[in-house]
Amino acid sequence: MSNAPTAPTFDYDAFLQAHLHAQSKNIQRYEVDGKWVWIKRTGPLVPAWRYNILRVLRKLLDEPVLGPVVNHGGRAAIATEIHRLKDLDSRGIRVPKLLAEDQDGFAMSHLGLPGQEVPSLGNKIRAVVPHGPSAVMPLWRQGLAMIDQVHRSGTVLSQAFARNMVVCPDGELACVDFEDDPLAVLPLAVCQVRDALCYAHSTAIYLSHVGALQEAREVWKQWLAQPERSADFRQVLSNTLRRTRWLKHLPANRKLGRDTERLRAMHDLMA
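Here's a quick rundown of the structure. Remember, predicted model here, so these are calculated numbers, not experimental data.

Brief notes about the packing of aromatic side chains
Inference 1: Inspection of the entire model under this criterion finds 5 aromatic pairs.
Inference 2: Ring geometry for F15 versus Y30: centroids 5.5 Å apart, planes at 90°, classification edge-to-face. Of this pair, F15 sits in helix α1 (residues 12–19) while Y30 sits in strand β1 (residues 27–32), and the two are 15 residues apart along the sequence. Comparing F15 with Y30, the two get one shared label, buried.
Inference 3: The ring of W36 has R29 sitting right over it, with the charged end atom 3.7 Å from the ring centre.
Inference 4: The aromatic ring of F233 is capped on one face by R229, whose charged end is 5.6 Å from the ring centroid.

Pasting the structure below:
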């Protein structure tokens, strides 16, 4: 048996305290022992544009489900994100590993390999659009499966847009950005429908561009038909679809802008 001494564990708490208040950005990357580490600290109030998509959707669709769960920033946002990272990790959802924490910030792991950025699912899907449905659909299904995993664990995401899921080096998805907690202010079923709508809104346009809406619609129906969907979920979604029937009259192109095209594609997926 080897008597070689065990290598000392890196002191992430000390590292956090040494850099937290000195860094120039709210979130900054460092290299530690050949690994990338991120420190996120308190910052100013969260800018209004972060919620513009949800605000616009709520107004256009007359859908309270999509009202933004406002995050006011500061220590409250840090506490929320720390809590959500711990909670999701305990449920088996892949998220950045929390390495050290403080009321003014925290250190977390990098989800990719050292020296390599991790693409969002949204960017990954957009990049493979030229390769057609066979390239887009597997990625799109992965996003649905991730939302399903989160819901089956008994919780929800914060804003389930494809930009807030990342494709890790092993091809699996992880979730990021948890500065707000919808379950703190909304019922579970409403939050789950909110996740579904956010994902549909952020991805249906790519399905439309590759002519995969019909195929995706069947997958969507199967996803919604799973027996674990609660009666409350079905009712909230039914109410939403009833309110959004008018979207079918929007042009299925960019004639009225990309946002309008996204709404029409979302309708065509969910109808």
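Once the structure has been displayed, the description carries forward.
Comments concerning the packing of helix α5 (residues 133–152) against helix α6 (residues 188–209)
Inference 1: Between α5 and α6, the least distance of the axes is 11 Å, while the angle of their chain directions is 175°. With respect to their mutual orientation, α5 and α6 come out roughly antiparallel. Together, V136, M137, L139, W140, G143, L144, I147 and H151 of α5 and Q192, D195, Y199, T203 and L207 of α6 make up the contact between the two elements.
Inference 2: When grouped by side-chain class, the residues that make up the contact of α5 with α6 number 8 nonpolar, 4 polar and 1 charged.

Thresholds, definitions, all that
Residues numbered from 1 in each chain as written. Predicted model: local features only at pLDDT ≥ 70, side-chain atom pairs only at ≥ 80, totals over all residues. Heavy atoms only, no water. Phe/Tyr/Trp six-rings, centres within 6.5 Å; stacked < 30°, edge-to-face > 60°. Helix = DSSP H or I, 4+ residues; strand = E, 2+ residues; numbered from the N terminus. Buried < 20%, exposed > 50% of the residue type's maximum accessible area, 1.4 Å probe, protein only. Lys NZ or Arg CZ within 6 Å of the ring centre and 35° of its normal. Axes fitted to C-alpha atoms, helices over the stretch in contact; angles between N-to-C directions. Parallel < 35°, antiparallel > 145°, perpendicular 65-115°, else oblique. Contact = heavy atoms within 4.5 Å. Nonpolar A, V, L, I, M, F, W, Y, C, P; charged D, E, K, R; others polar.

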